[in-house]
Amino acid sequence: MARIPVKLVSWDEIVEWSRGLAELIQKSGWNPDIIVAVSRGGFVPARLLCDFLDVTDLLAVQSQHWVEAAKAAEKAILKYPYQIDAEGKRVLVVDDIVDTGDTIELAREFIKRSWKPAEVRTATLQWISSVAKLKPDYYYLEVKEWTWFQYPWTRLEDVTQFIRRILKEDKRAREGLTRESLEKLFEEWYGVRVSDLGFYWDLAIEKLSRDELIEVSGGIIRPLKGS
Ligand code: AMP
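Residues numbered from 1 in each chain as written. Predicted model: local features only at pLDDT ≥ 70, side-chain atom pairs only at ≥ 80, totals over all residues. Heavy atoms only, no water.

## Considering the layout of surface pockets
To be explicit about the condition: Space inside and on the surface of the protein is sampled on a 1 Å grid over the protein atoms alone, with a cavity defined as a set of points where a 1.4 Å probe fits but cannot get out and a pocket as an open set with protein on both sides within 12 Å along at least 5 of 7 lines; lining residues have an atom within 4 Å of a point. Grid points are joined across faces, edges and corners, and a volume is the space filled by probe spheres set on the points. The way it works is that DSSP assigns letters per residue, a run of H or I at least four long becomes a helix, a run of E at least two long becomes a strand, and they are numbered from the N terminus. By convention here, the domain bounds are inherited from an automatic or database domain assignment.
When its volume is computed, the largest pocket comes out at roughly 1,100 Å³. Lining the largest pocket are 32 residues, and of these His65, Asp96, Ile97, Thr103 and Trp148 lie nearest its centre. Those elements that place two or more of their residues in the lining of the largest pocket are strand 2 (34-39), helix 2 (43-53), strand 3 (57-67), strand 5 (90-98), helix 3 (102-115), strand 8 (148-150) and helix 4 (155-169). Domain assignment of the residues forming the lining of the largest pocket places at least three in each of domain 1 (6-150) and domain 2 (152-223).

Below is the structure:
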C-alpha cells in the first residue's frame with residue numbers, strides 16, 4: 001500500500017472522461033452558452049467540453065490559494081475578478097476535480113454575483129464525495145477514498161514535489177540515495193512506477209538540481225539545505 005494514494009492519469013483517460021462528462025450534460029437536456037474554465041486545472045477539460053458540446057465561448061477565471069497570516073488554513077481567492085455582461089446566458093463552470101470544493105464554489109459564487117447570468121452550473125471530471133462540501137451538478141467519477149489525481153498537465157510540478165517530500169520526510173534519504181533507491185522509495189510512497197513517468201522523471205531531477213534543492217554527484221542524490 002502506497003503512503004499517498006496517487007492515480008496517474010493518461011491523456012487518453014482525460015479525453016474519455018471529458019467525453020463521458022459531455023454526454024451527461026447532453027442527456028440532462030441542458031446546454032451552456034458560455035464555458036468558464038477554472039484556471040489552471042479546468043482548462044483542458046473545459047476545452048474538450050467546448051468541442052463535444054459545440055460551444056464557442058470559452059472564458060477562464062483564475063483561483064489562487066493564500067495562506068492567511070497566522071492561520072494554518074488556506075483561503076482561495078480569485079486573482080482577476082473581471083466583469084462581463086452575461087445577462088440571459090447559461091454558464092458552465094468547469095474544473096478538473098472537486099476536492100474540498102472551495103475553488104469551484106468561489107468561482108460559481110463570483111460568476112453568479114458579478115456576471116449575473118441566467119443560470120450557473122458546475123462540471124468536473126472527479127468529485128471526492130467523502131471530503132467535498134459541495135457536489136458538482138455534473139461529474140464523471142465519484143471518488144470515495146481520497147486520492148491525488150496526477151493529471152498529465154501537472155506532471156512535472158507534481159513529480160518534483162513528490163521527490164522533494166521524500167527527501168524531506170523519509171529518514172532513509174538523509175545521507176543521500178542512489179538513483180535506484182530513490183526510484184524504489186518513490187514507488188513505495190506513491191504507488192507509481194517510475195518507468196511510467198517517461199522523461200518527466202529526469203526533468204524533475206534536473207529541476208531540483210537547478211533550483212539547488214538537491215546535489216547529484218558520483219551517482220548519489222543528496223538533499224541540500226533549504227530543500
Ligand atoms: P479544491 O480543494 O476543491 O478547492 O481544489 C482546488 C484545486 O486543487 C483543484 O481544482 C485541483 O486543480 C487541485 N486539487 C485539489 N485536490 C486534488 C486532488 N486530490 N488531485 C488532483 N488535484 C487536486
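## Focus on the site of the ligand
Stated formally: We call a residue near a molecule or strand whenever a single non-hydrogen atom of that residue lies within 4 Å of it. In protein, a polar contact means a hydrogen-donor-capable atom and an acceptor-capable atom, both N or O and within 3.5 Å, with residues adjacent in sequence counting only if both atoms are side-chain atoms; elsewhere, any N or O pair within 3.5 Å suffices. For the area figures, the Shrake-Rupley method with a 1.4 Å probe applies, and any residue is considered shielded solely by the protein chains shown. A cavity or pocket is said to hold a molecule if more than half of that molecule's atoms lie within 2 Å of its grid points.
As a structural note, the neighbourhood of the ligand is formed by 15 residues, with Asp95, Asp99, Thr100, Gly101 and Thr103 the closest of them. One nitrogen or oxygen atom from the side chain of Thr100 is found 2.6 Å from an oxygen atom belonging to the ligand. Burial of the ligand by the protein chains amounts to 84% of its free accessible area of 490 Å². With respect to the detected pockets, the ligand is housed in the largest pocket.

## Side note on a nonpolar patch on the surface
Condition: Like-charged residues are merged into a patch within 9 Å and nonpolar side chains (Val, Leu, Ile, Met, Phe, Trp, Tyr) within 5 Å, provided each residue has over 30% relative accessible area and no salt bridge. Each salt bridge in this description consists of a side-chain nitrogen of Lys or Arg and a carboxyl oxygen of Asp or Glu lying within 4 Å of one another.
Where nonpolar side chains cluster on the molecular surface, the patch consists of Leu24, Tyr140 and Leu141 and spans about 220 Å² of accessible area. Tracing the backbone shows Leu24 in helix 1 (residues 11-27).

## Description of the nonpolar core
Buried together is how nonpolar side chains tend to be arranged in soluble globular proteins. Put simply, the rule reads: Throughout this description, the term nonpolar core refers to a set of buried Ala, Val, Leu, Ile, Met, Phe, Trp, Tyr and Cys residues connected via side-chain atoms within 4.5 Å. A 1.4 Å probe rolled over the protein chains alone gives each residue an accessible area, and that area as a share of the maximum for its type sets the label: buried under 20%, exposed over 50%, partly exposed in between. Contact between two residues is taken to exist if any of their heavy atoms lie within 4.5 Å; hydrogens are not considered.
Ranked by size, the top nonpolar core spans 25 residues in total, and within it Ile25, Ile35, Leu49 and Leu92 carry the most contacts. Contributing elements (two or more residues each) for this core: helix 1, strand 2, helix 2, strand 5, strand 6 (119-128) and strand 7 (138-143). The residues touching Ile35, leaving out its near neighbours within four places in the chain, are Ala46, Leu49, Cys50, Val55, Asp57, Leu58, Leu59, Leu92 and Val94. Core analysis: the next-biggest nonpolar cluster, separate from the first, contains 24 residues, Val6, Val159, Leu177 and Leu185 among them.

## Let's talk about unusual backbone geometry
With an omega dihedral of 5 degrees, the bond running from Ser39 to Arg40 counts as a cis peptide bond. Although it is not a glycine, Asp54 sits at a positive phi angle of roughly 60 degrees. Within the secondary structure, Asp54 sits in the loop between helix 2 and strand 3. You will see that Lys116, though not glycine, has its phi angle at about 50 degrees, which is positive. Relative to the helices and strands, Lys116 resides in the loop between helix 3 and strand 6. According to the relative accessible area criterion, Lys116 is exposed, its value standing at 55%.

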